[in-house]
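# Survey of secondary and tertiary structure
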Amino acid sequence: VCMRIYYPPKKDAINRTKHDGLSLPDGEPVLYDEFALDRPDDDTHGGRRRVVLGRNGIIDKILVVAYEIDDHADLITILSVRKAEPKERRQYHEGE
């Protein structure tokens, strides 16, 4: 099944302001990173929101991407994208 990816425009504008110009579309390549570390988001209820730590090879940065999956609509909504902190970059490079 091919999932569509959606970037809410208001969240994208907020993200660009809050996270050094990073856009929500900047997070899409991270979803395809074969070495990405993906886990449920512990801060939410319901189990649909996830956080992935991975590399965007286009801009050559390790990013943290929060997203939600709607299986019924075959839709992934990217909610936020930020640069990984030093500890997170180490986790990514060590595969933890």
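The structure under discussion appears in the preceding block.
Quick look at the structure, then. Each chain has its residues counted from 1, running along the sequence as written. Totals for whole chains, interfaces and linings use all residues, but because this is a predicted model, local features are given only for residues with pLDDT of at least 70 and pairs of side-chain atoms are given and counted only at 80 or more. To obtain the side-chain values, all non-hydrogen atoms of the structure were used and water was disregarded.

This next bit is on the sheet that holds strand β5 (residues 75-83). Any two strands with at least two DSSP bridges between them are considered paired. By the criteria applied, helices consist of DSSP H or I runs no shorter than four residues and strands consist of E runs no shorter than two, each listed in order from the N terminus. Spatially, five strands are ordered β1-β5-β4-β3-β2 in an open sheet, and the strand pairing comes out mixed. In this open sheet, the two edge strands, each paired with only one partner strand, are β1 (4-6) and β2 (37-40). This sheet shows a mean twist of 30 degrees between the axes of neighbouring strands, independent of strand direction. As defined by bridge partners, β2 adjoins strand β3 (residues 49-56) across four bridges and the pair is classed as antiparallel. Bridge pairing links Asp38 to Val52 in β3. Contacts are assigned to residue pairs with any non-hydrogen atoms lying within 4.5 Å of each other. Convention adopted: a line fitted to C-alpha atoms gives each axis, helices being fitted over their contacting stretch, and angles between N-to-C directions are expressed from 0 to 180 degrees. Across the sheet, helix α3 (residues 86-94) lies against β2, β3, β4 (61-70) and β5, angled at about 75 degrees from β3, the strand it touches most.

By convention in these notes, a salt bridge is any Lys or Arg side-chain nitrogen within 4 Å of a carboxyl oxygen on Asp or Glu. Scanning all chains against the criterion turns up six salt bridges. For Asp12, the salt bridge goes to Arg16, with nearest N and O atoms at 3.0 Å. Of the two residues, Asp12 and Arg16 are both situated in helix α1 (residues 9-18); the distance of four residues between them amounts to about one turn of the helix. Throughout, exposure labels follow a simple rule: accessible area from a 1.4 Å probe, protein chains only, divided by the maximum for the residue type, with under 20% read as buried, over 50% as exposed, and the rest as partly exposed. We classify Arg16 as partly exposed; its relative accessible area is 40%. Two residues, Arg48 and Glu68, come together in a salt bridge whose shortest N-O distance is 3.2 Å. Highlighted residues: Arg48 in the loop between β2 and β3 and Glu68 in strand β4, separated in sequence by 20 residues. Judged by relative accessible area, Arg48 falls into the partly exposed class, the value being 46%.

Moving on to the environment of Ile59. Considering the arrangement of structural elements, one finds Ile59 in the loop between β3 and β4. Given the relative accessible area of 32%, Ile59 is considered partly exposed. Residues Ile59 and Asp26, spaced 33 residues apart in sequence, show a C-alpha to C-alpha distance of 8.2 Å. Discounting chain neighbours no more than four positions away, the residues touching Ile59 are Leu22 and Asp26.

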